[in-house]
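# Topology and contacts: notes
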Amino acid sequence: MKVVTFGEIMLRLSPPGFERLLQSPTLSATFGGAEANVAVSLAHWGCESVYITRVPAQAIGDAAIHALRGEGVRTDDVLRGGDRLGIYFAESGAGQRASTVVYDRAHSAISDIDPTVVDWTQLMRSASWFHVSGITPALGPKPARCVADALAAARAATVTTSLDLNFRRKLWSPSEAQATLRPLMKNVNLVIANEEDLQSALGFDVLGVDVKTGRVNAAAYRDVTRQVCELGPTLVAITLRDSISASDNGWSAILGGSAFPEMLESQRYDIRIVDRIGAGDAFAAGLIYGTATGQPPMDALRFAVAAGALKHTIPGDFNRVSVEDVERLARGDASGRVLR
């Protein structure tokens, strides 16, 4: 199975353990980014995982490519150019202190990508799936044009597409996000989101829902799923996070859409967090893998939620787990139901 992803890989700088930024003069350097994280998970699970991005032709860009190759991701079509790789500083929260992310990604290599140099038609040949996130078009008009072209090329090639809305308030406003993302929906098969994403990125509210109670309002989610599907997608996955503290969360998801009549609710995990960055990407990769390998919808949803749960236990962006690791966790909790 060949999966193509497109987005920005960044240098991640983090202090040791749960220290504040520059509390001590030490920062660990790793790499990550929404679509890169998905690509790594899929490569670990045996897929032909192809990642498209643009990185500078210098040592930091080389290191980013080597990191992806080391995880089994194909980087043959990565573009080289620009002056810098985007950076983000990630401070892990604990207890009542929230995690913090500081971006230093303005004028990064991908923000000035030339949309005309990417041959999306060629890249989609023999592909089964194309995945992108809402972060990438937020980086500027050129990446946004690339996302639109890629989704159109995938649709023309009958390649299944997914878009994780991933709204980032530090990158753009809700009105900017909606103006860009809503027109893309006609070429998207699967939308992945949380409740804030649906409201800010698409303008749809999930009314009367409080995930802290542990009760899911089936009618509310069915209504918002219907609204999303009217824009073009056939499947909508919504992750549910109960943020008890920076250290402890509840984690589950629901899946619905016009592709099948039921709304499915996954198992729920009570998680002690080591690093939550990349958990949504692990969920997206799990849902892509489960769906593309022909698992029934409930099984694919359970696999995705288990993959996301495991990512919370692993430092860094990448989810370093096997299919067997995920399946073992998913089998250990037989809950999950059809919402009535």
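Turning our eyes to something else, we now look at the overall build of the chain. Counting its regular elements, the chain contains 10 helices and 16 strands. Its C-alpha atoms give the chain a radius of gyration of 19 Å, within 12% of the compact-globule value 20 Å for 340 residues. Seen through its C-alpha atoms, the chain measures out along the principal axes to roughly 55 × 50 × 40 Å. Counting the 340 residues in the chain, one finds 56% classified as buried. As displayed, the chain offers around 13,700 Å² of accessible surface, 51% of which is attributable to carbon and sulfur atoms.

Mapped onto the fold, Glu 71 is located in the loop between helix H2 (59-70) and strand E6 (79-80). Residue classification places Glu 71 among the buried residues on the basis of a relative accessible area of 14%. Within the local environment of Glu 71, its side chain forms a polar contact with the side chain of His 44, the two groups lying 2.7 Å apart. Setting aside anything within four residues of it in sequence, one finds Glu 71 in contact with Val 40, Ala 43, His 44, Phe 318 and Arg 320.

Our focus in this paragraph is the sheet that holds strand E7 (residues 87-91). With respect to topology, 4 strands assemble into an open sheet ordered E3-E2-E7-E8, the strand pairing being mixed. With one partner strand each, in any of the chains shown, strand E3 (28-32) and strand E8 (100-104) form the two edges of the open sheet. In this sheet, adjacent strand axes meet at a mean angle of 25° when their direction is disregarded. Bridge count between strand E2 (residues 10-14) and E3: 5 bridges; the pairing is antiparallel. Bridge pairing links Arg 12 to Thr 30 in E3.

The full count for this structure, using the stated rule, is 6 aromatic pairs. Pairing Tyr 289 with Phe 303 gives two aromatic rings, centres 5.3 Å apart and planes at 25°, and the pair type is stacked. Of this pair, Tyr 289 sits in helix H8 (residues 279-292) while Phe 303 sits in helix H9 (residues 297-311), and the two are 14 residues apart along the sequence. Each member of the pair, Tyr 289 together with Phe 303, is buried.

Cut-offs applied
Residues numbered from 1 in each chain as written. Predicted model: local features only at pLDDT ≥ 70, side-chain atom pairs only at ≥ 80, totals over all residues. Heavy atoms only, no water. Helix = DSSP H or I, 4+ residues; strand = E, 2+ residues; numbered from the N terminus. Rg over C-alpha atoms; globule rule 2.2 N^0.38 Å. Buried < 20%, exposed > 50% of the residue type's maximum accessible area, 1.4 Å probe, protein only. Areas by Shrake-Rupley, 256 points an atom, 1.4 Å probe, with all protein chains shown as cover. Polar contact = N/O pair within 3.5 Å; in protein donor to acceptor, adjacent residues only side chain to side chain. Contact = heavy atoms within 4.5 Å. Pairing = 2+ DSSP bridges. Axes fitted to C-alpha atoms, helices over the stretch in contact; angles between N-to-C directions. Phe/Tyr/Trp six-rings, centres within 6.5 Å; stacked < 30°, edge-to-face > 60°.

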